[in-house]
Amino acid sequence: MRDFKNLKRVVVKVGSSSLVNKDLSINKQILVSLMSSFKNLQDKGIDPLLVTSGAVALGMHELNLDKKPKEISLKQACAAIGQAKLMEYYNKVAEIYDLKLGQILLSHDDFSVRKRMLHLTDTLDSMFKHHIIPVINENDALAIDEIKVGDNDTLSALIAPVVNADLLILFSDIDGLFDKNPKIYNDAKLITEVSEINDSIINMAGDKTSNVGTGGMNTKIDAALIATKASVDMIICNSNMISKLEDIVNGNLIGTYFKKSTDSISSRDHWLIFRTKSQGAIVLDDGACLKLSSDKKVSILPKGIVSVKDEFLKGSIIEVLDKNDNIIAKGITNYSSSEIELIKGKNSDEIKSLFNENRKKEVIHANDLVVFKDGYYGRVIK
Ligand code: GLU
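None of the values given here were measured: they were computed from a predicted structure.

Draft legend 1. Molecular detail of the environment of S278. Here S278 lies in the loop between helix 11 (267-275) and strand 9 (280-284). On the accessibility criterion, S278 (23% relative accessible area) is partly exposed. In contact with S278, not counting residues within four places along its chain, are I317, I318, E319 and K330. A polar contact of 2.9 Å, which involves the side chain of S278, links it to the side chain of E319.

In structure tokens:
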């Protein structure tokens, strides 16, 4: 048995392939299982939050499209009609169980911009207080590359720490993480517990070159990294287990369990690493990179900067790269990209004469910087 005592909040994510049938019509049975399980959770004093996909798929069904449209505006129109349908179906079933649902559609900005994230937290808190189950999806009808999260595995991992969830469950069309691709190897074994995300786990999830991968497992491993580093336990399991949600939260050995990290990070660092989108980057020379990798708290000075990528304003969140384009840190810049172009490689006293006003000597101050001690952080930043 897994030790999930005192669970207060659980985030449940259900993917499109589980929610719709082959002909893209809604799978009503799944909705019934979900809502009846949510009722049981609420009766036990546990708050559920649902992250649901299915908007685009249902929209395609409404418009009689059998292929995902290439045209972005049509895909977004599908999301608009499909999201409304999705909520209609959920509400019909929720009424049977006397449950109240509330819809929230998010984009990456709702996490990136701290003020917006705090509003989101307040709204969700109020919903829980009034026993309203939040039903969350990406705002697909308006999302464009610059502001979207992109997949609901990541979205659910981003929302879990915002609501102080204890557990995140990803329901999908696979039983969990296998040591090799179960579609190819008959002797593939289900991994029941992962206590640390390392190279071997990432290889099991597969990549384009290894060819042992299970579809969609990569974003789930990214989600596991984000969730477990925020002290949230995570489980990946098959959506045919939705009716067993109570058993899962009781600790029965279902699916793959990713244990919350023993060296989780502060909530500010978690926000800066995983929940913000960077506006650009600076590249450091080897000496400056070495200084950052030491255990001391260091700031980034103009002297160690060799180049600047993209255009950004003072106060933006930017990535810090080494010469091989590896992300080694992220932070809030005191200078705009054009100003950094001007001061890069220069000593601090040379900079004074370049500006009329008094400017900080650090491009990124140590307090506004988070250095990636864990090499895997870079992998989840898109
Ligand atoms: N937000 C998308 C939808 O509702 C799904 C994204 C995903 O499946 O990860 O269609």
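From this point, things continue past the structure.
Draft legend 2. Here's a closer look at the site of the ligand. Taken together, S16, S53, G54, A55, V56, N137, D140, D151 and N152 make up the full set of residues adjacent to the ligand. Between the ligand and D140, the relevant distance is 2.7 Å, taken from a nitrogen atom to a side-chain nitrogen or oxygen of the residue. Protein chains bury 80% of the 300 Å² of accessible surface belonging to the ligand in isolation. For the shell around the ligand, the residue count by class is two nonpolar, five polar and two charged.

Draft legend 3. Fine view of helix 6 (residues 114-129). Here helix 6 is 16 residues long and its end C-alpha atoms lie 23 Å apart, about the 22 Å a rise of 1.5 Å per residue gives. Within helix 6, the full set of buried residues consists of M117, L120, L124, M127 and F128. All buried residues of helix 6 project into a common sector of 95° when viewed along the axis, lining one side. Opposite the packed face of helix 6, turned more than 90 degrees from it, sit the exposed residues K115, H119, D122 and K129.

Draft legend 4. Expanded view of the pairing of strand 5 (residues 167-172). Here strand 5 lies mainly inside the structure; six of its six residues are buried. What you see with strand 5 is no split at all: L167, I169 and F171 on one side and L168, L170 and S172 on the other are buried throughout. Pairing between strand 5 and strand 7 (residues 233-238): six bridges, direction parallel. When the sheet's bridge partners are listed, S172 is paired in strand 7 with N238.

Draft legend 5. Quick look at the nonpolar core. If you look at the biggest cluster of nonpolar residues, it comprises 58 residues, and the most contacted ones within it are L124, I159 and F258. Ignoring anything within four residues of it in the chain, the contact list for L124 reads L49, I104, P134, I136, I159, V162 and V163. L41, I242, V249 and Y257 belong to the second-largest nonpolar core, a separate cluster that totals 44 residues.

Draft legend 6. Local environment of the sheet that holds strand 2 (residues 47-52). Ordered in space as 3-4-2-1-5-7-8-6, the eight strands form an open sheet in which the pairing is mixed. The sheet terminates laterally at strand 3 (100-106) and strand 6 (193-194), the two strands that pair on one side only. Where strand 6 lies against strand 8 (residues 256-258), two bridges are found, and the strand directions are parallel. Bridge assignment links V194 to a residue of strand 8, and that residue is F258. Packed on one face of the sheet, helix 4 (residues 72-96) meets strand 2, strand 3 and strand 4 (132-138) and runs near 160° to strand 3. Strands strand 1 (9-14), strand 2, strand 3 and strand 4 of the sheet are contacted by helix 6, whose axis makes an angle of about 145° with strand 4.

Draft legend 7. Here's a closer look at helix 12 (residues 286-293). Every buried residue of helix 12 is listed here: A288, C289 and L292. Relative to the axis of helix 12, the buried residues are bounded by an arc of 100° and lie together on one face. Facing away from the buried side of helix 12 by over 90 degrees, the exposed positions are D286, L290 and K291. On the buried face of helix 12, the contacting elements are strand 9, strand 11 (317-321), strand 12 (327-332) and strand 13 (369-371).

About the criteria used
- Residues numbered from 1 in each chain as written.
- Predicted model: local features only at pLDDT ≥ 70, side-chain atom pairs only at ≥ 80, totals over all residues.
- Heavy atoms only, no water.
- Helix = DSSP H or I, 4+ residues; strand = E, 2+ residues; numbered from the N terminus.
- Buried < 20%, exposed > 50% of the residue type's maximum accessible area, 1.4 Å probe, protein only.
- Contact = heavy atoms within 4.5 Å.
- Polar contact = N/O pair within 3.5 Å; in protein donor to acceptor, adjacent residues only side chain to side chain.
- Near = heavy atom within 4 Å.
- Areas by Shrake-Rupley, 256 points an atom, 1.4 Å probe, with all protein chains shown as cover.
- Nonpolar A, V, L, I, M, F, W, Y, C, P; charged D, E, K, R; others polar.
- Expected span 1.5 Å × (residues − 1).
- Arc of directions from axis to C-beta.
- Pairing = 2+ DSSP bridges.
- Core = buried A, V, L, I, M, F, W, Y, C linked by side-chain atoms within 4.5 Å.
- Axes fitted to C-alpha atoms, helices over the stretch in contact; angles between N-to-C directions.

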